[in-house]
There are 2 protein chains.
Amino acid sequence: MTLPGTAGSSARRNDPAPVIAELKAMLGDRLSTSAAVREQHGRDESYHPVLPPDAVAFAHSTEEVAAIVRVCARYDMPVIPFGTGTSLEGGIAALNGGITIDLSNMNQVLRVGADDLDCTVQAGVTRKQLNEYIRDTGLFFPIDPGADASLGGMVATRASGTNAVRYGTMRDNVLGLKVVLADGRVIHTGGRARKSAAGYDLTRLFVGSEGTLGIVTEVTLRLYGIPEAVSAATCTFPTIKAAVDTVIQTIQCGVPVARIELLDEVQIDAVNRYSRTDYPVAPTLFFEFHGTERGVVEQAEMVEAIAGEQGGSGFGWATRPEDRSRLWQARHDAYYAAIALRPGAKGWPTDVCVPISRLADCIVATKEDIAAAGVLAPLVGHVGDGNFHLVYVLDPENPAELARADALNRRLVERALEMGGTCTGEHGVGYGKMEWLAVEHGEGWNVMADIKRALDPRNIMNPGKIVRT
Amino acid sequence: MTLPGTAGSSARRNDPAPVIAELKAMLGDRLSTSAAVREQHGRDESYHPVLPPDAVAFAHSTEEVAAIVRVCARYDMPVIPFGTGTSLEGGIAALNGGITIDLSNMNQVLRVGADDLDCTVQAGVTRKQLNEYIRDTGLFFPIDPGADASLGGMVATRASGTNAVRYGTMRDNVLGLKVVLADGRVIHTGGRARKSAAGYDLTRLFVGSEGTLGIVTEVTLRLYGIPEAVSAATCTFPTIKAAVDTVIQTIQCGVPVARIELLDEVQIDAVNRYSRTDYPVAPTLFFEFHGTERGVVEQAEMVEAIAGEQGGSGFGWATRPEDRSRLWQARHDAYYAAIALRPGAKGWPTDVCVPISRLADCIVATKEDIAAAGVLAPLVGHVGDGNFHLVYVLDPENPAELARADALNRRLVERALEMGGTCTGEHGVGYGKMEWLAVEHGEGWNVMADIKRALDPRNIMNPGKIVRT
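(A) Representation of helix 17 (residues 443-455) of chain B in the model. In this model, helix 17 of chain B (13 residues) spans 19 Å end to end at C-alpha, consistent with the 18 Å of a helix rising 1.5 Å per residue. Three or more residues of helix 17 of chain B are buried, namely B:Gly444, B:Trp445, B:Val447, B:Met448, B:Ile451, B:Lys452 and B:Leu455. All buried residues of helix 17 of chain B project into a common sector of 155 degrees when viewed along the axis, lining one side. Where helix 17 of chain B is buried, its residues contact strand 9 (186-190), helix 8 (202-206) and helix 17 (443-455) of chain A together with helix 16 (434-441) of chain B.

Here is the structure:
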């Protein structure tokens, strides 16, 4: 099976030796060409093959990133940014060789503006590190894609996750950026004002651009007050449709749920085995409510009533922080739990997002496809946004299994697009979903390529991802 | 006084006669060259001089807009989109002549997705028209810049207004667009899914681009359920600082106010005269609360307590729809009330937006400047976002008055930028604030120009606005 997106573009373009020599002189030990380091930086969390860069540069500052990019630009050498390597669509793969810039040492929280509910961090700070740092301020950063990803990487992939139904995605929570461009220029975008009508929205252009337009080195983020009250709940449903219809009605009624997550019976079984929980093996919703003491009770009562009408049962509560943490840890481990169902297997995670009115149809039809294909593919979803995931649990060395997963994935994406949805709600494009962008955006995909050419005329910034130039 | 942004670029480039002849053949009566129609389309709501186009084309469809653009492209003729003419920074001025495309006849609501809380409209639909159309669905569209602007125009300027503190701006509420590009290609951006990680965020690139990258002909928007309960309130403060500190604490406490508007004592006096109200002549906050019956009471109690600590008094309530409408009509008429303070005068409205922690400092210092300059300049603000407005009430034929307003405006913008804010929170750039973009964005302004050149290489789309190419 050929790698989607790599056909005709995987040839190395230049001898890396002179670039490596120059960077070695600049960075010393912080430029590594060891096989282990290169492999680690060519591997994401998915089934994609390891495609290591020629060398890995560990940068300490924006100025250093700019200097590295300027050297690479002189040699037409690809530059790939790397945070924690938790991307899922091959975003960090060195399709054409090149230099990976590892930003994990740029892990300083530069400023917390408690009065303005904002902060500025270096790109290598992870979301958990940030929340740990600001714990005593009464604030938190809500975006939670599961993995403890770097905030620069979350910017790059326009990450979202469980809290997005209430707090939005990275699109909504980035106030400004510092970015190194393909020629080594450094720009700032956005600012600290909550809104601005001052020119093109460069911030939103870089959010989700996956390192193809520039390398994000600093991020200014919105923060939120930790809610006065938080409660979580789970509820079991007789059918997947009953669970999804509960979600749809909850959203349509305007209940401001903070999280509303679906796990199908296959995934619940996996979670029980992996996290030693004992949820009934049936479609299940996990909820979280944020607000005042009274507001949280009000929200939960409304949702319990809606769930009850759909046959939901066992509306179980967790108000103690440790119980909530255990519940959400089980949810966050869903991906690892899915893969653990089959020892030695790997996961091909995928996601789509559809208008919420089509969510039940989309999920029911998708589960019928999975059953007919005889593939192991647990389903989880940030269903309040209309976003859900499958993990095809497979042996990536087995072409027949890969082909079956690929066929299922095509049907999944085609159905989502037919329903007015998108080929990825939050995982991003990388090279794994690049071919679908043309289907989804049509001529708009060519406009994306025009923008890529304007900002990166020599195509050195994470080439082979998102657009073809 | 020279027009900022027009120096060196105001020369007409081409003879308009052949373009007009071709468009006349295409559109018949819907291509107008009458002086009255041209003047109407060269005038915005501000003090900017009337700069009429060579002709005005009244388009009926996306295909027609594309056809008009293709003709103009062949002749290198500027193309300027026009909705209701309520822009404030010269955004619709024909600096280089050209053809204005009036979209007001493209006023169909194409689709309402009550189940998905979204809709698709032609660009000429106004916000009031949309809310009237969907009144029976239990939904509403919250973005409210005051003027009954077209939704295409609101996209173009990234409009926001009174509800933005709760519901966000046009940036947050546009799901997708149909856009005619400079070469006549038609693209769609975004989609109906609530989130997507599928490629560059072209939707957000066009939102706020003021017709310089393409002409928006269709808009897909988020809608919201009309809240179960709505209440409004006003409160009077001894000083402007006490009022602003009330705002800051309200936001920092996370009270989800739907509207929180400041009017200074000059503006309140103007409102009383214009709208025959009898508010105490003092700094005043107007609030609106949306939620459940209990939630609204809870919010109002919290705000009343905060206001009380700041010396606020006369916390007056309005729960009946007609009383609320009267209150907000008075607020919306603030601009006209300000101008009416001086018969025959015109308004030079301006706005900035700063981090909320700096809002009190910024407003107090600005009012000191105004007092020292002896200029009539009422102040209003969407203060929950850190955004406020001045209206310099002046005789635009009097160079000394213009110069005084200009000096005040420079100090205002410089202060906002020094405080980490932006030169415009919601009015946009047009040519009136173009020179400030370079100060605010530095090298980023050049990147904006790179994008402009990539999408409009011949610079025909609303030239002379936002960027210089």
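So much for the structure itself; the text now carries on.
(B) The arrangement of the sheet that holds strand 13 (residues 259-263) of chain A in detail. Residue and element names in this part refer to chain A. Spatial ordering of the open sheet is given by 15-12-14-13-17-18-16, a layout of seven strands whose pairing is antiparallel. Of all the strands in the sheet, just strand 15 (313-318) and strand 16 (346-353) have a single pairing partner and so form its edges. Looking at each pair of strands side by side, their axes are set apart by 20 degrees on average, direction ignored. Alignment of strand 17 (residues 379-382) against strand 18 (residues 387-394), held across four bridges, turns out to be antiparallel. Note that in strand 18 the partner of Gly381 across the bridge is Phe388.

(C) Summary view of the relation of the copies chain B and chain A. Placing chain B over chain A gives an RMSD of 0.0 Å and needs a rotation angle of 180 degrees, together with 0.0 Å of translation along the axis. In symmetry terms, the pair is related by a two-fold rotation axis.

(D) Local environment of the environment of B:Arg111. Residues and elements named next belong to chain B. One can find Arg111 in strand 5 (residues 109-113). On the basis of neighbour counts, which here come to 12 C-beta atoms within 10 Å, the residue Arg111 falls in the exposed class. The sequence separation of Arg111 and Arg192 amounts to 81 residues, and the corresponding C-alpha distance is 12 Å. Non-local contacts of Arg111, meaning those with residues more than four positions away in its chain, are made with Cys119 and Thr120.

(E) Quick look at the pairing of strand 5 (residues 109-113) of chain A. Residue and element names in this part refer to chain A. When strand 5 meets strand 6 (residues 118-122), the two strands line up antiparallel, connected through four bridges. Pairing of Gly113 across the sheet is with Asp118, part of strand 6. Counting the residues in the hairpin turn of strand 5 and strand 6 gives four residues, including Leu117, whose phi is positive at 55 degrees.

(F) The packing of helix 9 (residues 240-252) of chain A against helix 14 (residues 359-373) of chain A, seen in detail. All names here are of chain A. Axis separation between helix 9 and helix 14 bottoms out at 9 Å; the angle between their running directions is 155 degrees. With respect to their mutual orientation, helix 9 and helix 14 come out roughly antiparallel. Two packed elements cross with a definite hand, and for helix 9 against helix 14 that hand is right-handed. Residues Ile240, Lys241, Val244, Asp245, Val247 and Ile248 of helix 9 form the contact with helix 14, whose own contacting residues are Leu359, Ala360, Ile363, Val364 and Lys367.

(G) The arrangement of the pairing of strand 17 (residues 379-382) of chain B in detail. Residue and element names in this part refer to chain B. Taking every second residue as pointing to the same face, both faces of strand 17 are buried, with Leu379 and Gly381 on one and Val380 and His382 on the other. With two bridges joining them, strand 13 (residues 259-263) and strand 17 adopt antiparallel strand pairing. Across the sheet, Leu263 pairs through a bridge with Val380, a residue of strand 17.

(H) Just the environment of A:Glu309, in detail. Turning to its location among the elements, A:Glu309 is positioned in helix 11 (residues 293-309). Measuring from C-alpha to C-alpha, the distance between A:Glu309 and A:Thr246 comes to 8.4 Å, with 63 residues separating the pair along the chain.

(I) Structural detail: the environment of B:Gln108. If you trace the backbone, B:Gln108 turns up in the loop between strand 4 (99-102) and strand 5. Residue class for B:Gln108 comes out partly exposed when judged on the 14 C-beta atoms lying within 10 Å of it.

(J) Just the sheet that holds strand 1 (residues 31-32) of chain B, in detail. All names here are of chain B. Pairing in this open sheet of four strands is mixed, and the strands run 1-2-4-3 from one edge to the other. Only two strands of the sheet have a single partner each, and these edge strands are strand 1 and strand 3 (79-82). For strand 1 and strand 2 (residues 55-58), the ladder comprises two bridges, and the chain directions are antiparallel. Of the residues in strand 2, the one forming a bridge with Leu31 is Ala57. Most of the contacts of helix 3 (residues 62-74) go to strand 4, to which it runs at about 175 degrees, and overall it touches strand 2, strand 3 and strand 4.

(K) Quick look at the interface of chain B and chain A. On the side of chain A, 70 residues touch chain B, which itself brings 71 residues to the contact. For the side of chain B that touches chain A, the secondary-structure elements that each account for two or more residues are helix 7 (170-173), strand 9 (186-190), helix 8 (202-206), helix 11 (293-309), helix 16 and helix 17 of chain B. Looking at the side of chain B that touches chain A, its residues break down into 23 nonpolar, 29 polar and 19 charged.

Quick notes on the rules
- Residues numbered from 1 in each chain as written.
- Chains lettered and ligands numbered in written order.
- Predicted model: local features only at pLDDT ≥ 70, side-chain atom pairs only at ≥ 80, totals over all residues.
- Helix = DSSP H or I, 4+ residues; strand = E, 2+ residues; numbered from the N terminus.
- Expected span 1.5 Å × (residues − 1).
- Buried ≥ 20, exposed ≤ 12 C-beta atoms within 10 Å, placed from the backbone.
- Arc of directions from axis to C-beta.
- Contact = placed C-beta atoms within 7 Å.
- Pairing = 2+ DSSP bridges.
- Axes fitted to C-alpha atoms, helices over the stretch in contact; angles between N-to-C directions.
- Least-squares fit on C-alpha atoms with pLDDT ≥ 70 in both.
- Parallel < 35°, antiparallel > 145°, perpendicular 65-115°, else oblique.
- Left-handed = near helix turned anticlockwise from the far one by under 90°.
- Nonpolar A, V, L, I, M, F, W, Y, C, P; charged D, E, K, R; others polar.

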